[in-house]
Amino acid sequence: MLTRIAKTVIIISLIGLGLAIIGRALIDDNEYSFQTKDIPQDLEVSAMDKLMAEDLSLTTSMFLKQLSAQLQRWANNDLSTQQLRSKFEEEVLEHPHFHGFVIKHNDEVVEHVGQVERFDDSKLTHYHMKSKFSDPYTVDGKQLMLMGEELEDGRTVLGEVDLSFVKSFIKDMASVADANGTFFVSGADPEIEWETTEDIPENLKAETVPELGWQIVVHSDEHKPERLQKTYYKQQAVIKFKHPEVASAWLEENEDLEVLRNNNPLFVVKSETESTEQLIRRLKREYDLAIAEPNYIISKQVILFSTDPNETRPSTSQQGQQPQQKKVLTTDPNDEFFKPYQWNLEQIEIDEGWNLSGGQGVKIAILDTGVDQEHLDLKEKLGPGYNAFDDSSDFSDAHGHGTHVAGVAAALTNNVTGIAGVSWDSTILPVKVLNDDGEGSSYEVAKGIYWAVEQGADVINMSLGDYYPSDVLYDAIQHAHEQDVVLIAASGNDNVADPMYPALYEEVFTVAAVDDARNRAFFSNYGEHVDVTAPGEHIPSLFPDNNYVVMSGTSMAAPHVTGLAGLIRSLRPDLTNEQVYEVMTSTAKDLGTEGHDPYYGFGEIDIAAALKSIAN
């Protein structure tokens, strides 16, 4: 009997071993290959260029308005004591845009700070409302401009403006001609050799800055730079161990692999001898690995461009306790750009919503290029931050995209300065997962999600994505969702139905963009996975160094919805993330065909309707 059992066991073992050998042989014979996607570019370059030109023109107008307000504030300063005067002089000389300041009365200089020898009134040949401007001129290689303001009491205040900021936001995308048609700022393209606007090719798009008569001409050669057309980092893989404790021994055994990132159980490894396909094929056979995939590239979703935390939101276990005092806005905020430029907030019915919630006690994580921690519209409301590239707390933003997104979601509001943010009383957790080129990987984004969850984020904004699914990213998404975090993502800017990730994941709330007429933004990706829409064209917000710019993209639409989620979680902390999603979809203004459709989802968010529906 025992002999028969032993023979049976041996036969079964041999059969199993044979099947294993055959299986391994079959695996070895199959080359691993990527699921390649040819995403069509359905956007006309001319349409994109026109949108960029409009954004740049609006940005220049905002810049001038900001300068005008600053001159008027300075003119009203009290300079009665030497201490006050010294403080004022220091402020003028340290200003990033002004080189000097003069107050005149009856053509006599009554106050001056800085270099004023170039302050010649005859240069002020252009007029707009009560503002006067000179043509740009060059001094020591810097582009400058003289600007004047007529005050109510008959005085005139003048300032010499450094136009470096214009160069910084124009970058290499456009050239700028003055009111005489002469170019004084030009992009880095060496083929651009125009001297006047008469030299502009007919196919290029230009937009006029109304205050100055300047023409901004956009000359992009391609929709996406070549570096952003890559799908993954070559010869790299992201791996996740089933059991973290085996990682060290496994890596020692596979000493040919260079460890680029270590966040056990997640690692990024590189092979110097294998192609990406060969590397992934090999790693997928490793028993100790739960995940082995390419290190997919993820980028921002924008058309243009390139403190102490609040109280923690009460958890659902605290239901029945006395609610905290809510901060609300009962009048329009006094931010300088709110009335003239922030049409987007009026369109989503924010006024009535602010009567019910300001977002107090909610933490909003912005996974992006970082934020400018010294920006006047941000610095008083920042919580801890994280850099997923080097595991540091350096979340500085040299790109500007993250600062802009953070401002839309939750800029400091009713502080006279700049813009109003949707969830204005929430804390921002800056998470740098994109580099200074606006590019990151699935590994960095996943790390950023885990970090945000650990910090108690209530809402995560992801104005980023690519067209390839990532198991590493999805693991992080599922983890955040299980921890009751609201996850918001942009749908993408290629005008295609192909879904981006993380936008496609069921746990993520996906946002497409509309314009100021509530029509679908021509660049906005669509599909059955789109949940709602929000304004995404010509959106004003923050930019590094206390500046403000206008940008377009689903990157800008997403933080509107993130802000709404913050207001909801503040007003009703007992609601789960799925219930927050339901509130936003059920109260959205239906657009397009009746009910849910692939272009508008359930419609455009309605902040007042959403908050009223849960106020009781």
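Residues numbered from 1 in each chain as written. Predicted model: local features only at pLDDT ≥ 70, side-chain atom pairs only at ≥ 80, totals over all residues. Heavy atoms only, no water.

Visitor: What's the story with the sheet that holds strand β18 (residues 427-432) in this structure? I'm lost.
Guide: Across a sheet, paired strands are connected by hydrogen bonds in the backbone, their directions being either parallel or antiparallel. Taken in spatial order, the 7 strands of this open sheet run β17-β18-β16-β20-β22-β23-β24, and their pairing is parallel. Looking at which strands have only one partner, the edges of the open sheet turn out to be β17 (386-387) and β24 (532-535). Bridge analysis of strand β16 (residues 363-368) against strand β20 (residues 459-462) gives 4 bridges, and the strand direction is parallel. Paired with L367 across the two strands is M462, which belongs to β20. Running over the sheet, helix α11 (residues 442-454) touches β16, β17, β18 and β20 and is turned about 170° from β16. (Pairing = 2+ DSSP bridges. Helix = DSSP H or I, 4+ residues; strand = E, 2+ residues; numbered from the N terminus. Contact = heavy atoms within 4.5 Å. Axes fitted to C-alpha atoms, helices over the stretch in contact; angles between N-to-C directions.)

Visitor: Just checking my understanding: could you explain the pattern of salt bridges for this structure?
Guide: Side-chain pairing between opposite charges can occur once the charged atoms of the two side chains come close. Summed over the entire model, instances satisfying the criterion amount to 20 salt bridges. For the salt bridge of D121 with K104, the shortest nitrogen-to-oxygen distance reads 2.9 Å. One end of the pair, D121, is in the loop between β2 (108-114) and β3 (126-128); the other, K104, is in strand β1 (residues 98-105), and 17 residues separate them in sequence. Residue classification places K104 among the buried residues on the basis of a relative accessible area of 14%. The salt bridge partner of K240 is D475, with a shortest N-O separation of 2.7 Å. Residues joined in a network through salt bridges with shared partners are R85, E89 and E111. (Salt bridge = Lys/Arg side-chain N within 4 Å of Asp/Glu carboxyl O. Buried < 20%, exposed > 50% of the residue type's maximum accessible area, 1.4 Å probe, protein only.)

Visitor: Even after reading the chapter, I still don't get the sheet that holds strand β11 (residues 214-218), so can you show me in this structure?
Guide: The 4 strands are arranged β9-β8-β11-β10 in an open sheet whose pairing can be described as antiparallel. Here the strands that pair on one side only, and so sit at the sheet edges, are β9 (183-185) and β10 (205-209). Across this sheet, the average inter-strand angle for adjacent strands is 30°, counted without regard to direction. Pairing of β10 with β11 involves 5 bridges; the strand directions are antiparallel.

Visitor: Even after reading the chapter, I still don't get helix α14 (residues 577-586), so can you show me in this structure?
Guide: Residues spaced three or four apart along an α-helix face the same direction, because each turn holds 3.6 residues. Looking at α14, one finds that the buried residues are N577, V580, Y581, V583, M584 and T585. The elements touched by buried residues of α14 are α12 (471-482), β22 (486-490), β23 (509-514), β24, α13 (554-571) and α15 (607-614).

Visitor: Where do I start with the environment of L71 in this structure?
Guide: Examined against the element boundaries, L71 turns out to sit in helix α2 (residues 45-75). According to the relative accessible area criterion, L71 is buried, its value standing at 0%. Between the C-alpha atoms of L71 and G148, which are 77 residues apart in sequence, the distance is 8.3 Å. Filtering out sequence-adjacent residues up to four positions away, L71 remains in contact with F98, F101, M147, E149, V157, L158 and G159.

Visitor: Would you explain the confidence of the model for the chain in this entry?
Guide: Low-pLDDT stretches of the model should not have their predicted coordinates read in fine detail. For the chain, the mean per-residue pLDDT works out to 86, and 86% of the residues sit at or above 70. Contacts from residues 223-228, a stretch scored under 50 in pLDDT, to residues over four places away or in other chains number 13 contacts. Here residues 305-323 scores under 50 on pLDDT; set against residues more than four positions off or in separate chains, the count is 42 contacts. (pLDDT = per-residue confidence, 0-100.)

Visitor: Teacher, can you tell me more about the pairing of strand β12 (residues 232-241) here?
Guide: As a general feature of sheets, a regular strand has side chains that alternate between the two faces. The element β12 is largely enclosed, with a buried count of 7 among its 10 residues. When β12 meets strand β15 (residues 289-300), the two strands line up antiparallel, connected through 6 bridges. Within β15, the residue paired with V238 across the bridge is E293. Direction of pairing for β12 relative to strand β14 (residues 266-271): antiparallel, over a ladder of 5 bridges. Each residue of the ladder has a partner; that of K240, found in β14, is L266.

Visitor: How do you make sense of the environment of M48 when you look at a structure like this?
Guide: Turning to its location among the elements, M48 is positioned in helix α2. Residue M48 is classed as buried on the basis of its relative accessible area, which comes to 3%.

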